[in-house]
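Secondary and tertiary structure notes
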Amino acid sequence: MTVIPLRSSFSMMVSAIIITVFLFLTVTDVQAKAQSQKVKGLGEQVQNVKKDVLSIAKELDQLEEQLLYPSHTQMSIFISLRNQSKLRLDSVDIELDGKEVAHHLYTANEIEAFNAGGVQKIFTGNVTLGMHDMKVTMRGQSASGDTVRIVKSFPVKKELKAGIAELSLSENTITLINR
């Protein structure tokens with residue numbers, strides 16, 4: 001798995017761009033409004049600028065993800081609970097080739113979302129082409145209150161396209177579904 005150390009410097013650059021765009025939009029918006037005959041309230045102007053900045057921030061986040069995780073090296077792993085599973089999920093740990101790539105502790109709201117059919121994106125990262133070993137550790141409680149701990153390994157093949165894998169969890173097993 002390849003790790004790109006540019007994230008912090010890239011995030012600082014993105015932050016600087018957002019601040020610059022915010023200031024530019026503020027100055028441009030204020031100048032244009034002052035020249036027009038229509039006078040808007042200050043609160044409305046602030047809301048318009050806020051909407052523009054949020055829109056730009058969303059676009060920058062998408063561009064950052066495309067830059068950091070190009071589709072030919074990108075792999076995403078999703079978690080779901082098997083239908084009618086009585087499992088109360090506590091945590092999930094995922095390792096790729098012996099390195100921990102994801103760890104998550106679940107809240108009551110997240111468990112409710114799973115029981116309603118929700119899916120969680122637990123990992124997105126760069127993975128080299130070829131075969132990899134994915135080890136999944138799931139902890140929780142069964143319907144009867146017994147502690148459940150399942151550890152399962154899966155061979156995962158990363159091909160040239162973006163890789164997507166779903167881990168379907170239940171009280172008894174973890175199932176890998178390649179998408």
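Coordinates for the structure precede this section.
Residues numbered from 1 in each chain as written. Predicted model: local features only at pLDDT ≥ 70, side-chain atom pairs only at ≥ 80, totals over all residues. Heavy atoms only, no water.

1. A look at the sheet that holds strand β4 (residues 120-126)
Rules: Paired strands are those between which DSSP finds at least two bridges. Runs of E in the DSSP output that reach at least two residues are strands. Runs of H or I that reach at least four are helices, and both are numbered from the N terminus. The axes are straight lines fitted to the C-alpha atoms, using for helices just the contacting stretch, and the angles between their N-to-C directions are given from 0 to 180°.
Taken in spatial order, the four strands of this open sheet run β4-β1-β7-β8, and their pairing is mixed. In the strand order of this sheet, the two ends are held by β4 and β8 (174-178), each with one partner. Averaged over all adjacent pairs, the angle separating strand axes in this sheet is 20°, with direction ignored. Looking at chain direction, strand β1 (residues 74-81) and β4 are connected through six bridges and run antiparallel. Looking at the pairing, Q74 lines up with N126 of β4.

2. What to know about the pairing of strand β7 (residues 163-169)
Our working definition: Accessibility here uses a 1.4 Å probe with only protein chains present; expressed as a share of the type maximum, an area under 20% marks a residue as buried, one over 50% as exposed, and anything in between as partly exposed.
For β7, the buried fraction is high: six of the seven residues fall into the buried class. Bridge count between β1 and β7: seven bridges; the pairing is parallel. Across the sheet, S76 pairs through a bridge with I164, a residue of β7. Of the pairings in the sheet, the one linking β7 to β8 comprises five bridges and is antiparallel in character. Looking at the pairing, A165 lines up with N178 of β8. Taking the residues that link successive antiparallel strands as the turn, the β7-β8 hairpin has four residues.

3. A closer look at the sheet that holds strand β3 (residues 99-105)
Ordered by their spatial adjacency, four strands build an open sheet running β3-β2-β5-β6, and the pairing between neighbours is antiparallel. Because the sheet does not close on itself, it has two edges, and the strands there are β3 and β6 (147-158). On average, each strand axis in the sheet is inclined to that of its neighbour by 15°, with strand direction left out of account. By the bridge criterion, twelve bridges tie strand β5 (residues 130-141) to β6 in an arrangement that is antiparallel. Across the sheet, D133 pairs through a bridge with P155, a residue of β6.

4. Remarks on the pattern of salt bridges
Worth spelling out the cut-off: For this document, the term salt bridge refers to a Lys or Arg side-chain nitrogen within 4 Å of an Asp or Glu carboxyl oxygen.
Taken as a whole and judged by the stated rule, the model has two salt bridges. One salt bridge connects R88 with D90, and the closest N-O pair in it is separated by 3.1 Å. In this structure R88 comes out as partly exposed when scored by relative accessible area, which is 38%. For D90, a relative accessible area of 26% puts it in the partly exposed group. With a closest N to O distance of 2.6 Å, R139 and D93 form a salt bridge. On the criterion of sequence distance, the pair formed by R139 in strand β5 and D93 in strand β2 (residues 88-96) is long-range, its members being 46 residues apart. A relative accessible area of 12% places D93 in the buried class.

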